[in-house]
Amino acid sequence: MQLEDMRIFVAAVEAASFTGAAARLGLSKQFVSKRVMALEEQLGARLLVRTTRRLSVTPVGRDYFERVVQILADVADAERIVASQNAKPRGALRVTAPMSFGTMHLGPVIPEFMHRYDEVTLDIDLNDRTVDLVGEGYDMGVRIGVLSDSSLIARRIAPFDMVACASPTYLAQYGSPETPADLAHHQCLLYGHGKSVEWPFAIHGRARGVPVTGRVRVNNGEIARDAAVAGLGVTMLPTFIVSAALASGQLIKVLEPYEPPKGGVFAVYPQHRQSSAAVRAFVDFLVERFGEEATR
């Protein structure tokens, strides 16, 4: 009851009369007056000064009013969050994801998501660059690797491994690197956008970046994989891109004793989207479908 009395008190102060507060709240003037008196009695303090023409606020009443306004705003915000969590996912959902992960993993499961949530409109942009979610108007994104610090909220969807590999033909011709430093003498198939590329390896128990160079640079993992299968060099890619080629013998792992630290597949979204039922539904769906083994 006290929360309702607080609301009545705030309305009375803002209207400067019991009559105005009663009209705003759809209550009787007598009920409004009675509840304010009950609040004063409970607090043991006079909050309002009544006159025949208007209400005025006492000094303690003013302090109480300012704090109660903030309390009511916090309560309303909490109620909105709960309501959004219970709401059925609906509306437009704009998502960005890496090209290879999108085509190999998202594509096959999107129909299931759309059937499950028939009031969600999905707009997926596959792009291997790091997208500014807030600046470019995305609701969420899928990112792969080790996340850098940011203001984005992140949830791990699944783990994944990076693997260095090359074709039997290439290894037969140029030999297999024995240590990461040997890559300086090999053609490396570069995957990424930066001018310089480093591949992560575990060296003496610590993760280290090893600079690599090569004549081929692409921003798509499947192209890098195909170039490696064709014998153009050594590449380092997520296992979900090269697992089939490794299983068939088209590619062979190299530098296994220096296997790099495990990465992850993450769903990331701006803080202002954390109460979106559609965002939560899509993230939960990805965790459900991919779990711990989906990207290995």
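Residues numbered from 1 in each chain as written. Predicted model: local features only at pLDDT ≥ 70, side-chain atom pairs only at ≥ 80, totals over all residues. Heavy atoms only, no water.

A.B. asks: Help me understand the pattern of salt bridges in this model?
C.D. replies: If the charged atoms of two oppositely charged side chains come close together, the side chains can form a pair. Summed over the entire model, instances satisfying the criterion amount to 14 salt bridges. Across the pair Lys88 and Glu119 runs a salt bridge whose closest N-O atoms are separated by 3.2 Å. In this pair, Lys88 is assigned in the loop between α4 (59-86) and β3 (91-97) and Glu119 in the loop between α5 (99-116) and β4 (120-126), connecting sequence segments 31 residues apart. A residue is classified by how much of its surface remains accessible, and Lys88, at 40% relative accessible area, is partly exposed. With a closest N to O distance of 3.0 Å, Glu112 and Arg116 form a salt bridge. Of this pair, Glu112 and Arg116 both sit in helix α5, four residues apart, which is roughly one turn of that helix. On the accessibility criterion, Glu112 (32% relative accessible area) is partly exposed. Note on Arg116: relative accessible area 35%, which makes it partly exposed. One network of salt bridges, with partners in common, ties together Lys88, Arg90, Asp118 and Glu119. (Salt bridge = Lys/Arg side-chain N within 4 Å of Asp/Glu carboxyl O. Helix = DSSP H or I, 4+ residues; strand = E, 2+ residues; numbered from the N terminus. Buried < 20%, exposed > 50% of the residue type's maximum accessible area, 1.4 Å probe, protein only.)

A.B. asks: Hey, could you run me through the packing of aromatic side chains in this one?
C.D. replies: Geometry of an aromatic ring pair is reported as the spacing of the ring centres plus the angle between the planes. Scanning all chains against the criterion turns up nine aromatic pairs. An angle of 55 degrees between the planes, with centres 5.5 Å apart, marks the rings of Phe9 and Tyr64 as tilted. Taken together, the residues span a long stretch of sequence, with Phe9 in helix α1 (residues 2-15) and Tyr64 in helix α4 at a distance of 55 residues. An identical accessibility class is assigned to Phe9 and Tyr64; each is buried. Plain terms: the ring middles of Tyr170 and Tyr174 are 4.7 Å apart, the flat faces sit at 35 degrees to each other, and that makes the pair tilted. (Phe/Tyr/Trp six-rings, centres within 6.5 Å; stacked < 30°, edge-to-face > 60°.)

A.B. asks: Where do I start with unusual backbone geometry in this structure?
C.D. replies: Among all residues except glycine, the phi angle is most often negative; among peptide bonds, the trans geometry is most common. Despite not being glycine, Ala16 has its phi angle at roughly 60 degrees, a positive value. Even without being a glycine, Leu255 presents a positive backbone phi close to 55 degrees. Note that Leu255 resides in the loop between β13 (252-253) and β14 (263-269).

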